[in-house]
Amino acid sequence: MAYCVHCGVKLGESENQCPLCHTPALDPHAPPDPAAPRAYPVRTPEQELKRSKKLLLFLCILLFLVPSALCLIIDWLTGGGLSWSIYPCGALVMFFICTIVPIYLPRHKGYAFLAISFITLSAYLLMVEWISQSGRWFFPIVFPSLLLAFIIIALMTLFYRLGRLNKLTVLAAFFAAVGMECMAVELFCRLAASLPLTFQWAIFVAAPCIFLSLSLFYINSNRAIREELVRRLHY
Amino acid sequence: MAKGKRWYRLDNAAKLYPAVATSRWSSIFRLSAELTEDIRPDLLQKAVDKVMPRFPAFKVRMRKGFFWYYLEEIKEPLQVVPDSGHPCMPFRYHENHGYLIRVFYYRKRISAEFFHSLTDGSGGLTFIKTLTAEYLRLCGHQVSFDQGALDIREKPTPEETRDAFMHMPLPKVRIPRKEGRAYHFPATPAIPHTLYTIAASIPADQIVEKAREYGATVTEYLVSIILYTAFLDQEKRRPGRKKPLRVSVPVNMRSFYPSATLRNFSSFINPCIDPRLGDYSFKEIIREVHAFMRYHLNPRLLCGAIATNVADEKNPVCRAAPLFIKNLIIGTVFRRSGERGFTSTLSNLGKAHVPTGGEKWIRRFEMQLGSPSLPLCNCAAVTTGNELRLLFSSNILETTLPREMLRFLVEEGIPVEVESNMEGS
């Protein structure tokens, strides 16, 4: 039986380290026996999580399978083949991947989740382009727009995790990102259509977004205004 | 309600707990008896089967009425189960026939967990003593049903299932109870459903003697150590934005109004110091805590606090509100105040006498408070023989409170032995 050299407490026979300061138990005459039974059952982290994961997995599969099967059956019975049902089924596959993957990803693997979501969404839209035979719009317009959106989200996540953004600046960055994304989408559209590179509709969305964003950044930097807003809007 | 099943109204204190319970948290506590021999599950199951009819107020499930929850009798038997590493998990009303009590065994320990709507620490201790006495009798030992253990051959009395709050001489006055927020130790929340346990064994005679040196009781001494630990921690971490330090101490109302009820019959007092007013030495803290406890531990003030709660319950508007509205309001009030007003909780059950004949087989009783609703560390103490068993329960990764508190005791010359359920220790 050892004493903790930091805390001075006597450690129970089953303690390999001090539970108060995590200093290893040092007793050269009686080294701790890892197989010795513990005074209290030690928690098994997987136990509760596994149960909840199983339930969630079951629910997701149910949410995926039932509507998919219904769509396929109705499409087959009404049209004698598969036509429109591929779209909702593809969307459900995308939903399934986007809900299941985060459950099995370790905590704080947000970037991996973003990458998987991007790939899934791109694959779905590429499939829609291919099946619908509605011309080439994925690679010239959708892919760069999606890529830009995901890069913006990843950058915002990075800055938020680094502690550079608070709630107000996240909102400001969000509005700025919406404005930029709209302008980028219009540019990609005009490039795809070989039109002159000017802004028409995007400017009407981007202008108020950027105005809002700048206002929020200004409010965030001005303590007096910030406190006045908190005072008036607190709940 | 099924025909022929008895039902009980929730007592005044019990009404709070189902309203604030969620799938992640509910108010639970655990009482355990550690024996000198390994537990035999078959005999423990027999003991539970024999003991449960003696405690009709515990053989119940939670039901929703239109205006209030109520407790309904359960006919099915309660199953004992091996203990897991997840103490005081929230009760789910549809599991285990709806029982709001669980009985576990682990090596030499019998444990019972109670949803707080059923009973308080005193009622729980009566149950665990009775269960342990019956178990030891089934093992062939001569153990009496005394020293707080109920005789299972006798029939339960109406007094035992009575709502004792309704039979108190309550004043008409309502005492304001707003106390504001208190300092909490900075904490990293553990993953949900984790409750870390650190158990400390302390020689009771030495801690009593040390408390007497300060002119205080053991509870006052322990509360003072918590406040002093929090005071030093706040000085170190947040010297610029100090908050009051407050410890919630449950009070057994049976000490003031003798009652045989096994249901809730307790109140709280909250000894407090305010570091915004200046610095404190440990001696000053213990003097303040002693004065606070002497002043507040009187039946008039305790009744006044209970009268405020009962007045809320009897308010015609409140009574007429449907249950979901009540739940919404109570839940909101609890989340906004509740445990935010306390730095920690210390529940001292005092001396737990072992049933006659059981001294050889029962090593100790211990009590554990369930997971706090906020990232906190609470503690509970029970004295058996010459051992005070102090159990810290926390849902946080840091061990600041138990570490500093037990180090303080060691520095005071009191030997401490610790055990835990923490991984790797």
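Refer to the structure printed above.
Residues numbered from 1 in each chain as written. Chains lettered and ligands numbered in written order. Predicted model: local features only at pLDDT ≥ 70, side-chain atom pairs only at ≥ 80, totals over all residues. Heavy atoms only, no water.

(A) Examining the packing of aromatic side chains more closely. All names here are of chain B. With the rule as written, the count across this model stands at 27 aromatic pairs over all chains. Taking the centre distance of 5.7 Å and the plane angle of 90° together, the rings of phenylalanine 114 and phenylalanine 127 count as edge-to-face. With phenylalanine 114 in strand S7 (residues 109-115) and phenylalanine 127 in helix H3 (residues 121-138), this pair connects stretches of sequence that are 13 residues apart. Under the relative-accessibility criterion, phenylalanine 114 is labelled buried at 0%. Where tyrosine 221 meets phenylalanine 282, the ring centres are 6.1 Å apart and the plane angle is 80°; that geometry is what we call edge-to-face. Linking tyrosine 221 in helix H5 (residues 218-237) with phenylalanine 282 in helix H6 (residues 282-296), this pair joins segments that are 61 residues apart in sequence. There is no split in this pair, since tyrosine 221 and phenylalanine 282 are both buried. (Phe/Tyr/Trp six-rings, centres within 6.5 Å; stacked < 30°, edge-to-face > 60°. Helix = DSSP H or I, 4+ residues; strand = E, 2+ residues; numbered from the N terminus. Buried < 20%, exposed > 50% of the residue type's maximum accessible area, 1.4 Å probe, protein only.)

(B) Here's a closer look at the pairing of strand S4 (residues 69-73) of chain B. Residues and elements named next belong to chain B. Burial analysis of S4 places five of its five residues in the buried class, which makes it a mostly covered element. Examined bridge by bridge, strand S1 (residues 7-9) and S4 share three bridges and lie antiparallel to one another. Along S4, the bridge assignment pairs arginine 9 with tyrosine 70. Bridge analysis of strand S3 (residues 60-64) against S4 gives five bridges, and the strand direction is antiparallel. Across the sheet, residue arginine 61 finds its bridge partner in S4, namely glutamate 72. Following S3, the chain reverses through four residues before pairing antiparallel with S4. (Pairing = 2+ DSSP bridges.)

(C) Structural detail: the pattern of salt bridges. Residues and elements named next belong to chain B. Inspection of the entire model under this criterion finds 33 salt bridges over all chains. Of the charged contacts in the structure, one is a salt bridge between glutamate 73 and lysine 75, with a shortest N-O distance of 3.8 Å. Its relative accessible area of 53% is what places lysine 75 among the exposed residues. Of the charged contacts, one joins aspartate 151 and arginine 153 as a salt bridge, the two residues approaching to 2.9 Å between their closest N and O atoms. According to the relative accessible area criterion, arginine 153 is exposed, its value standing at 59%. Taken together, the shared-partner salt bridges in this structure form one network comprising Glu34, Arg109, Arg363, Arg364, Glu366, Glu387, Arg389 and Glu419. (Salt bridge = Lys/Arg side-chain N within 4 Å of Asp/Glu carboxyl O.)

(D) Expanded view of the interface of chain B and chain A. Taken together, the 36 residues of chain B in the interface contact 31 residues of chain A. Between chain B and chain A, a total of about 3000 Å² is buried, with carbon and sulfur atoms accounting for 54% of that surface. Across the contact surface, chain B and chain A share zero salt bridges. If you look at where chain B meets chain A, you find twelve residue pairs in polar contact (both at pLDDT 80 or more). Per-element accounting of the side of chain B that touches chain A gives the leading share, five residues, to helix H10 (residues 400-411) of chain B. Across the side of chain B that touches chain A, the residue classes tally to 13 nonpolar, eleven polar and twelve charged. As judged from the two bridges shared by strand S1 (residues 10-11) of chain A and strand S16 (residues 417-420) of chain B, these two strands associate in the parallel manner. (Contact = heavy atoms within 4.5 Å. Buried area = accessible area lost by both parts, 1.4 Å probe. Polar contact = N/O pair within 3.5 Å; in protein donor to acceptor, adjacent residues only side chain to side chain. Nonpolar A, V, L, I, M, F, W, Y, C, P; charged D, E, K, R; others polar.)

(E) Representation of the side chain of Ser32(B) in the model. All names here are of chain B. Looking at where serine 32 falls in the secondary structure, it is placed in strand S2 (residues 28-35). On the basis of relative accessibility, which here comes to 3%, the residue serine 32 falls in the buried class. Polar side-chain contacts of serine 32 include one of 2.9 Å to the side chain of serine 111. When neighbours within four sequence positions are excluded, serine 32 is seen to be in contact with Arg109, Ile110, Ser111, Ile128, Arg364, Phe365 and Glu366.

(F) Main features of the sheet that holds S2(B). Residues and elements named next belong to chain B. With respect to topology, five strands assemble into an open sheet ordered S5-S6-S7-S2-S13, the strand pairing being mixed. Each edge of the open sheet is held by one strand with a lone partner, namely strand S5 (80-82) and strand S13 (362-369). Adjacent strand axes in the sheet meet at a mean angle of 25°, parallel and antiparallel pairs treated alike. Bridge count between strand S6 (residues 101-106) and S7: six bridges; the pairing is antiparallel. The residue bridging tyrosine 106 from the neighbouring strand is arginine 109, located in S7. Running at roughly 155° to S6, helix H2 (residues 41-51) makes contact with S5, S6 and S7 of the sheet. Packed onto the sheet, H3 meets S2, S6, S7 and S13 and runs at close to 30° relative to S2. (Axes fitted to C-alpha atoms, helices over the stretch in contact; angles between N-to-C directions.)

(G) Quick peek at the pairing of S16(B). Bridging between strand S8 (residues 196-203) of chain B and S16(B) involves four bridges; their strand directions are antiparallel. If you follow Ser201(B) over to S16(B), its bridge partner there is Glu417(B).

(H) Local environment of helix H4 (residues 204-213) of chain B. Residues and elements named next belong to chain B. Those residues of H4 not exposed but buried are Ala204, Ile207, Lys210 and Ala211. For H4, the buried positions fall inside an angular range of 135° around the axis, keeping them on one side. Of the exposed residues in H4, those oriented more than 90 degrees away from the buried face are Glu209, Arg212 and Glu213. Glycine 215 sits one or two positions beyond H4 and adopts a positive phi of about 75°. (Arc of directions from axis to C-beta.)

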